[in-house]
Amino acid sequence: MKTIENLKKIQRQDKNNTYSYINSHYYNWFKAIDLNLLNSDGFTNYFSRMKQNEPDVFEAVQEKVLNATITAFQQDLSDSDSFVLVTAAWANGFVPEKAASALQDFDRYLTNYTIQKDPLIGINQMNADFNQVLLQHLPKVRRQDLRLIYRLLLLKEASSNEIGTELESLNEPTRRRAEAIMKLFQGL
């Protein structure tokens, strides 16, 4: 895991301004997810059990979530795209060795998070619960964001032909967004 000193060195230049990762909402998102999801059993005890039983795997998941927030900061992604990338990173932690299986666990987790049994309601309720501890709020998740998270998990280990086949049915703006975030997610 990167130290605070390493994180302080991460900056983004934008016209005449320099922005620091450690002072950004991306870092606040990482801290909130790390403290309230990965290192707590308040949302799910899955990560607490992983930390206890498989500390190396847990640290890898934690590092991926940190790298996702750093990538979102450096690429200056929108809040919704940043959220999709970060969520896909921690959701992949359900089954780190196989993202498609993680997709099933993630979907099951979201449907069980609320009594409505709708993953979209589940993820928005989870964000509302997160927002109680955050300074900058996580965005409201739209159905297309949730579908993109599912698509990222499903296609993480897929070949370029499979990815092309899956994405060709999408409209042009959605395909461009999916391809851009897919490259970032696969690079984590």
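Relevant structure appears above.
Notes on the structure in this doc start here. (Residues numbered from 1 in each chain as written. Predicted model: local features only at pLDDT ≥ 70, side-chain atom pairs only at ≥ 80, totals over all residues. Heavy atoms only, no water.)

Below, the discussion takes up the side chain of Asp81. Here Asp81 is to be found in helix α5 (residues 79-91). Classification of Asp81 by relative accessible area gives buried; the value is 16%. The contacts of Asp81, once residues within four sequence positions are left out, are Arg177 and Ile181. (Helix = DSSP H or I, 4+ residues; strand = E, 2+ residues; numbered from the N terminus. Buried < 20%, exposed > 50% of the residue type's maximum accessible area, 1.4 Å probe, protein only. Contact = heavy atoms within 4.5 Å.)

This paragraph deals with the pairing of strand β1 (residues 11-14). Direction of pairing for β1 relative to strand β2 (residues 17-20): antiparallel, over a ladder of four bridges. Of the residues in β2, the one forming a bridge with Gln13 is Thr18. The antiparallel hairpin formed by β1 and β2 contains two residues in its connecting segment, where Lys15 sits at a positive phi of about 55°. (Pairing = 2+ DSSP bridges.)

Secondary-structure assignment places Ile33 in helix α2 (residues 25-38). On a C-alpha basis, the gap between Ile33 and Tyr19 in space is 22 Å, while along the polypeptide they are 14 residues apart. Residues in contact with Ile33, not counting those within four places in the same chain, are Leu38, Val65, Val86, Trp90 and Phe130.

Running from N to C, α2 and α5 cross one another at 30°; their axes reach a closest spacing of 12 Å. Classified by the interaxial angle, the pair formed by α2 and α5 is roughly parallel. By crossing handedness, the relation of α2 to α5 is classed as right-handed. For the pair α2 and α5, the contacting residues are His25, Tyr26, Trp29, Ile33 and Leu37 in the first and Asp79, Ser82, Phe83, Val86 and Trp90 in the second. Residues of the contact of α2 with α5, tallied by class, amount to seven nonpolar, two polar and one charged. (Axes fitted to C-alpha atoms, helices over the stretch in contact; angles between N-to-C directions. Parallel < 35°, antiparallel > 145°, perpendicular 65-115°, else oblique. Left-handed = near helix turned anticlockwise from the far one by under 90°. Nonpolar A, V, L, I, M, F, W, Y, C, P; charged D, E, K, R; others polar.)

What follows concerns the environment of Asn127. Its location among the elements puts Asn127 in helix α7 (residues 119-131). Exposure remark for Asn127: the relative accessible area of 2% places this residue in the buried category. Each C-alpha atom of the pair Asn127 and Lys140 lies 7.6 Å from the other, and the pair is 13 residues apart in sequence. Among residues more than four places away in sequence, those in contact with Asn127 are Phe83, Leu138, Pro139 and Val141.

The next point concerns the pattern of salt bridges. Per the counting criterion, the structure on display carries 11 salt bridges. In this structure, the salt-bridge partner of Glu63 is Lys2, at a minimum N-O distance of 3.1 Å. A residue pair is termed long-range when its members are at least 10 positions apart, and Glu63 in helix α4 (residues 55-75) and Lys2 in the segment before α1 (4-8) qualify at 61 residues. The closest approach of N and O atoms between Arg151 and Glu166, which form a salt bridge, is 3.8 Å. Within this pair, whereas Arg151 is found in helix α8 (residues 143-155), its partner Glu166 is found in helix α9 (residues 160-167), the two being separated by 15 residues in sequence. With relative accessibility at 14%, the residue Arg151 sits in the buried group. (Salt bridge = Lys/Arg side-chain N within 4 Å of Asp/Glu carboxyl O.)

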